[in-house]
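A structural walkthrough
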Amino acid sequence: MRIGSIELPNRLFAAPMAGVTDRPFRVLCKRLGAGYAVSEMVTSRKDLWASLKTSRRADHGGEAAPIAVQIAGTEPLMMAEAAAYNIDRGAQVIDINMGCPAKKVCKVWAGSALMRDEPLALRIVEAVVTACAPRGVPVTLKMRTGWSEHERNAVAIARRAEDLGIAMLTVHGRTREQGYRGQAEYDTVAAVKAAVRVPVVANGDIDTPEKARAVFAATGCDAVMIGRAAQGRPWIFREIAHHLATGEHLAAPRTQEVKAWLLEHLHDHYGLYGWDDAGAGVRSARKHIGWYVHGLPGGALFRARMNTLERCQDQLATVADWFDALADDHERLPQAASLDSDFERQPLEQEAA
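These remarks concern the structure in this document. It should be emphasised that the depicted structure is a prediction, and the values quoted were computed from it without experimental measurement.

This next bit is on the overall build of the chain. Of regular secondary structure, the chain possesses 13 helices and 12 strands. For 353 residues, the compact-globule formula gives about 20 Å, and the C-alpha radius of gyration of the chain, at 20 Å, lands near that figure. Principal-axis analysis of the C-alpha atoms gives the chain an extent of 60 × 45 × 35 Å. A buried classification covers 59% of the 353 residues belonging to the chain. Long-range contacts, defined here as pairs at least 24 residues apart, represent 72% of the contacts in the chain between residues at least 6 apart.

If you want it as structure tokens, here you go:
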């Protein structure tokens, strides 16, 4: 599996998710089996590049190569400048966001709204490729099947994007109109794969090893991209890799292993967002902790308690104690029950920087 001249270790990718796929999350996903991970989307607006949110999103310290950064915007020149800006800060792959369905993004005609204006979308592709090619940086494109059921144009855009120099295409099997509702379909992914020569990645609803195998078979895709299913379960990549290689299921991780991974994740998370009391670090960590424990025995009560804690050290100690108690009864992580009624996973790409 290659993106341009970059060789990847496997065909299992972590999807870009705003508010989720930050450096600590990407590092852990890669360590637990993801061959590739794309950053949260970074705005093409220069006036926001110096903001704390964008600077955190552009932080790649300690992350294993390749470094892939997704950019979002509507102006070809600004997108080209954003690509160069991120390359200067370590990006080795630039990904164009044409898949985000969020209203705040689409209302300014960015994200998946670009699929309704093919000429503009292709001018953006051309401008970004032109900016990146002299520096040897491949450009990829993530899109949806189209704007609506009656406006499916992924195949047409894929063909033109390939002609303009796109090195890889990722297709989420839903329209923008669907958002994250219903089920992803893969016929469009298969049609895109049949229409182009560059690698094609399937995305949407891939949440088990069996589903990954089925999507590979149904689409002929070169890789699969996992998003929401990796939230609180970054070891899903190694589970899928094991199943694809052997046809068997990997044993559930030991509860103490999960505890160690979560504590590692939290330490890195606080290092990026801050250790201050009631600050961004402790607040944004709550969702990650909630994802790790969802559906586990006592998980709902634990989340409620976690939301009252306002110190990073208290979060760490409480997490460690809870997993120690869980390990007393379960050497390996018990299978999670269905999601609690008050629990919802974070959607893919939610907001611009």
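Turning next to helix 7 (residues 187-195). Restricting attention to buried positions, one finds in helix 7 the residues Thr188, Val189, Val192 and Ala195. The arc that holds the buried residues of helix 7, viewed along the axis, is 125°, so those residues lie on one side. Exposed residues lying more than 90 degrees from the buried face of helix 7 are Asp187 and Ala194.

Attention now goes to the sheet that holds strand 6 (residues 93-98). The 8 strands lie next to each other as 3-4-5-6-7-10-11-12, forming a closed barrel whose pairing is parallel. On average, adjacent strands in this sheet sit at an angle of 25° to one another, irrespective of strand direction. Both strand 6 and strand 7 (residues 139-144) contribute to a ladder of 5 bridges, which runs parallel. Bridging from a neighbouring strand, Asn97 pairs with Lys142 of strand 7. Lying over the sheet, helix 3 (residues 76-88) contacts strand 4 (36-43), strand 5 (68-72) and strand 6, oriented at roughly 155° with respect to strand 5.

Let's shift gears to the pairing of strand 6. Across the 6 residues that make up strand 6, a large majority, 6, are buried. Pairing of strand 5 with strand 6 involves 4 bridges; the strand directions are parallel. What sits directly across from Ile71, in strand 6, is Ile96. Handedness of the β-α-β unit built from strand 5, helix 3 and strand 6 comes out right-handed.

If you look at the biggest cluster of nonpolar residues, it comprises 66 residues, and the most contacted ones within it are Ile94, Ile96, Met98, Val128, Met143 and Leu169. When residues in this core are grouped by element, the largest group, 8 residues, is from helix 5 (residues 118-132). With residues near it in sequence (within four places) discarded, Ile94 still touches Val69, Ile71, Ala83, Asn86, Ile87, Val128, Cys132, Val137, Pro138, Val139 and Thr140. Counting 26 residues, the second-largest nonpolar core is a separate cluster that includes Tyr270, Ile289, Tyr292 and Leu333.

Another aspect to go through is helix 10 (residues 255-273). Quick reminder: α-helices carry 3.6 residues per turn. Residues three or four places apart thus point the same way. Counted at 1.5 Å a residue, the expected span for helix 10 with its 19 residues is 27 Å, and the 27 Å between its end C-alpha atoms agrees. Regarding helix 10, the residues found buried are Thr255, Val258, Lys259, Trp261, Leu262, Leu263, His265, Leu266, His269, Tyr270, Leu272 and Tyr273. Residues of helix 10 that are buried make contact with helix 1 (23-31), strand 4, helix 2 (52-57), helix 9 (236-246), helix 11 (280-293) and helix 13 (312-329). Looking one or two places after helix 10, you find Gly274, whose phi comes out positive at around 110°.

Mapping Asp222 onto the fold places it in the loop between helix 8 (209-219) and strand 12 (223-226). Reaching out from Asp222, the side chain makes a polar contact with the side chain of Lys193 at a distance of 2.8 Å. From its side chain, Asp222 meets the backbone nitrogen of Val200 in a polar contact 2.8 Å long.

Axis separation between helix 8 and helix 9 bottoms out at 8 Å; the angle between their running directions is 60°. Accordingly, the angle class assigned to the pair helix 8 and helix 9 is oblique. Every pair of crossing elements has a handedness; the one defined by helix 8 and helix 9 is right-handed. Mapping the contact onto sequence places Pro209, Glu210, Ala212, Arg213 and Phe216 in helix 8 and Glu239, Ile240, His243 and Leu244 in helix 9. In terms of residue class, the contact of helix 8 with helix 9 is made up of 5 nonpolar, 1 polar and 3 charged.

On to the pairing of strand 10 (residues 168-172), then. In terms of residue burial, strand 10 counts as a mostly covered element, since 5 of its 5 residues are buried. Where burial is concerned, the two faces of strand 10 agree: the one with Met168, Thr170 and His172 and the one with Leu169 and Val171 are both buried. In this sheet, strand 10 lies alongside strand 7 in parallel orientation, the contact comprising 5 bridges. Paired with Lys142 across the bridge in strand 10 is Thr170. Strand direction decides the pairing type here: strand 10 and strand 11 (residues 200-203), joined by 4 bridges, are parallel.

Applying the stated rule across the entire model yields 7 aromatic pairs. Aromatic side chains Trp322 and Phe323 sit 5.1 Å apart centroid to centroid with 80° between the ring planes, which places their arrangement in the edge-to-face category. The residues Trp322 and Phe323 share a single accessibility class, namely buried. One aromatic cluster is present, built from ring pairs that chain together Trp235, Trp261 and Tyr292. Here Arg11 stacks its cationic end above the ring of Phe216, 4.2 Å away from the centre of that ring. Seen from the ring of Tyr180, Arg144 lies directly overhead, with NZ or CZ sitting 5.0 Å from the centre.

Reading the values: rules and limits
Residue positions within a chain follow its written sequence, with the count starting from 1. At least 70 in pLDDT is required for a residue's local features to be given in this predicted model, at least 80 for side-chain atom pairs to be given and counted, and no such filter applies to totals for whole chains, interfaces and linings, which use all residues. Here the side-chain values reflect all heavy atoms present in the structure, with hydrogen atoms and water set aside. Numbering of helices and strands runs from the N terminus, with a helix taken as a DSSP run of H or I at least four residues long and a strand as a DSSP run of E at least two residues long. Here the globule rule is a power law, 2.2 Å times the number of residues to the power 0.38, and the radius of gyration is based on C-alpha atoms. For each residue, the accessible area found with a 1.4 Å probe, counting protein chains only, is set against the maximum for its type, and the residue is called buried under 20%, exposed over 50%, and partly exposed in between. We call two residues contacting when some pair of their heavy atoms lies within 4.5 Å. For this quantity, the arc is that covered by the directions from the helix axis to the C-beta atoms. Here, strands pair whenever DSSP counts at least two bridges between them. An axis is simply a line fitted to the C-alpha atoms; with a helix, the fit covers only the stretch in contact. Between two such axes, the angle follows the N-to-C directions and lies from 0 to 180 degrees. Crossover handedness is defined by viewing with both strands directed away from the observer: a clockwise path from the first strand over the helix to the second marks the crossover as right-handed. By nonpolar core we mean a set of buried residues, namely Ala, Val, Leu, Ile, Met, Phe, Trp, Tyr and Cys, connected to one another through side-chain atoms within 4.5 Å. A helix is expected to reach a length of 1.5 Å times the quantity of its residues less one. Identification of polar contacts relies on pairs of N or O atoms within 3.5 Å, with a donor-acceptor requirement for protein atoms, meaning one able to donate a hydrogen and the other able to accept it, and with residues adjacent in sequence counted only if both atoms are side-chain atoms. An angle counts as roughly parallel when it lies under 35 degrees, as roughly antiparallel when it exceeds 145, as roughly perpendicular when it falls between 65 and 115, and as oblique in every other case. A crossing counts as left-handed when the near helix is turned anticlockwise from the far one by less than a right angle, and as right-handed when that turn is clockwise. Asp, Glu, Lys and Arg are counted as charged, while Ala, Val, Leu, Ile, Met, Phe, Trp, Tyr, Cys and Pro are counted as nonpolar; the rest, among them Gly, fall into the polar class. The rule is short: rings of Phe, Tyr and Trp, with Trp giving its six-membered ring, pair when the centres are within 6.5 Å, and they are stacked under 30 degrees, edge-to-face over 60, tilted in between. We count a charge as sitting over a ring when the NZ of a lysine or the CZ of an arginine lies within 6 Å of the ring centre and within 35 degrees of the ring normal.

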